[in-house]
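Chains, contacts and geometry: an overview
What follows is each chain in one-letter form.
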Amino acid sequence: MVKQFIKNYSIGDLEDYFRSIGEKEYRAKQIMIWLYEKNAASFHEMTNVSKKLRDLLDGAFSINALECSERMISEIDGTEKYLFKTHDGHYIESVLIKNEGTEDGRLTVCLSSQAGCAMGCRFCETAKPGFIRNLDTAEILDQLSHVRRISGQRNNNIVFMGMGEPFMNYESVMRAADIMNYPFGFHISVRKITISTAGIIEGIERFIDERRPYNLALSLNDTLPEKRERIMPVEGRNPFMEISDMLSRKFPTSRNRLTVVYVMRKDNISMDDAKRLKKMFRYSRIKLNLIPLNQGSHEYRPPTDEEVDRFVQELEIMNVPVTVRKSFGRDIFGACGQLSGRRYATREGSDNGLNTI
Ligand code: SAH
């Protein structure tokens, strides 16, 4: 019999399972606590479960859906990047960011939702291999289990900003987020879970209609639709203006937090861009999060520090609430837009100290 990944099971699914084998429903909670709170790596650790049931579970399920093939630690800021291998041989990455010393001082885990990505954003490394496949819930949750176990760190802020487009894998991502939030799961507050999208209208609308309580981040990255479409093909079928109209009609600002992400390149930070941003956010209290473009195999040029400061000042003068996201883990290719699932070997003399193997 092929073993199932147990982390694909919601609490309801586990209750159904235990009922179906003539066990009490409360076993579901017991097992969830072992899997998530205690981060058990094997059923044999579950000492408040009978040996017979442990053996049965061990025969039917696997706990870990991923294998960790590599952990890299940034020498600059301690950021940790994890390369995971799926059961069918694909590579995905997660990043642990230690925001110590920054205003919020939190630990953030950045998770992948797909192997590869279909969005084709021109400035992002994840787009390069194209789309491989959706990750299932167990593969999403298992990234966090491994990162916690290996790093020994626990209180995490979760961002779905790794490889892939979460809203093209809606169900598995929501199921994973729900288990993260669930009291017998990872028990992480909904305020600490953020889902980032390149802007899939259908997914965003469904997210709102289903009253999902998580934070939303929207990757804008340009102020002119034609220019945006050139760097983000998703704009074609999902015009940002339509998203923005829909959000202003429907988004429950009191419950969810919405951030708009703007990756700064040399050619999207003019005074006119600042004015257009001001216009876009005139009536909202949306926070604008600016990220200086990170290095990759793309042709775009990052702004200088002075250009970043000037753009921020222009926005601040116009009262647009803005924060600049510091990039972590650039030396291990672990920053935004740098996750490719490729393996690197450190070699002296290369541009960035990293060479593909
Ligand atoms: N597909 C989703 C989730 C991935 S999040 C989304 O697009 O939101 C990855 C974030 O990194 C996005 O906000 C994206 O705009 C940003 N990004 C991509 N390439 C980048 C680069 N080279 N430098 C800085 N940020 C980048």
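Residues numbered from 1 in each chain as written. Predicted model: local features only at pLDDT ≥ 70, side-chain atom pairs only at ≥ 80, totals over all residues. Heavy atoms only, no water.

1. Focus: the overall build of the protein chain
Each helix and strand in the protein chain was counted, giving ten helices and 16 strands. For a compact globule of 357 residues, the expected C-alpha radius of gyration is about 21 Å, and the protein chain comes in at 21 Å, within 12% of that figure. By principal-axis analysis of the C-alpha atoms, the protein chain measures approximately 70 × 55 × 35 Å. Considering the protein chain as a whole, with its 357 residues, one finds that 54% of them fall into the buried category. Nonlocal contacts in the protein chain, meaning residues at least 24 apart in sequence, comprise 65% of its contacts between residues at least 6 apart. With the model as given, the accessible surface of the protein chain reaches about 16,600 Å², and the carbon-plus-sulfur share is 48%. (Helix = DSSP H or I, 4+ residues; strand = E, 2+ residues; numbered from the N terminus. Rg over C-alpha atoms; globule rule 2.2 N^0.38 Å. Buried < 20%, exposed > 50% of the residue type's maximum accessible area, 1.4 Å probe, protein only. Contact = heavy atoms within 4.5 Å. Areas by Shrake-Rupley, 256 points an atom, 1.4 Å probe, with all protein chains shown as cover.)

2. Quick notes on the site of the ligand
As a structural note, the neighbourhood of the ligand is formed by 22 residues, with F123, E165, S196, S219 and N294 the closest of them. One of the side-chain nitrogen or oxygen atoms of N221 is found 3.0 Å away from an oxygen atom of the ligand. Separating a nitrogen atom of the ligand from a backbone N or O atom of N294 is a distance of 2.8 Å. Computed on the free molecule, the ligand has an accessible area of 540 Å², of which 95% lies beneath the protein chains in the complex. Taken together, the elements giving at least two residues each to the shell around the ligand come down to β10 (193–197), β12 (258–264) and β13 (287–292). (Near = heavy atom within 4 Å. Polar contact = N/O pair within 3.5 Å; in protein donor to acceptor, adjacent residues only side chain to side chain.)

3. Remarks on the nonpolar core
Core analysis: the biggest nonpolar cluster contains 104 residues, and M180, L288 and L315 have the highest contact counts within it. Each of two domains, domain 1 (4–62) and domain 2 (66–348), supplies a minimum of three residues to this core. Excluding residues that lie within four positions of it along the chain, M180 makes contacts with L111, I140, L141, L144, I158, F160, F186, H187, I188 and I193. (Core = buried A, V, L, I, M, F, W, Y, C linked by side-chain atoms within 4.5 Å. Domains from an automatic or database assignment.)

4. As for the domain arrangement of the protein chain
By domain assignment, the protein chain separates into domain 1 (4–62) and domain 2 (66–348). A straight line from the C-alpha centre of domain 1 to that of domain 2 covers 33 Å. Counting residues at the interface gives 15 residues for domain 1 and 16 residues for domain 2. Counting each side, the surface lost to burial between domain 1 and domain 2 is near 1,400 Å², with a carbon and sulfur contribution of 56%. Taken as a group, K7, Y36 and N39 account for 40% of the area that domain 1 buries against domain 2, more than any other trio of residues on that side. Here domain 1 and domain 2 share two salt bridges between them. Between R175 and D13 there is a salt bridge, and its shortest N-O distance comes to 2.7 Å. Connecting domain 1 to domain 2 are ten residue pairs in polar contact (both at pLDDT 80 or more). For the side of domain 1 that touches domain 2, the secondary structure elements donating two or more residues are α1 (11–20) and α2 (27–37). In terms of residue count, the dominant contributor to the side of domain 1 that touches domain 2 is α2 (five residues). (Buried area = accessible area lost by both parts, 1.4 Å probe. Salt bridge = Lys/Arg side-chain N within 4 Å of Asp/Glu carboxyl O.)

5. Things to note about the sheet that holds strand β5 (residues 91–98)
What the ten strands build is an open sheet, ordered β3-β4-β5-β6-β9-β10-β11-β12-β13-β14; its pairing is mixed. Both edges of this open sheet fall to β3 (66–73) and β14 (322–324), since each of them pairs with a single strand only. When the angles between neighbouring strand axes are averaged without regard to direction, this sheet yields 25 degrees. The sheet contact formed by strand β6 (residues 107–110) and strand β9 (residues 156–160) spans four bridges and is parallel. Within β9, the residue paired with T108 across the bridge is N157. (Pairing = 2+ DSSP bridges. Axes fitted to C-alpha atoms, helices over the stretch in contact; angles between N-to-C directions.)

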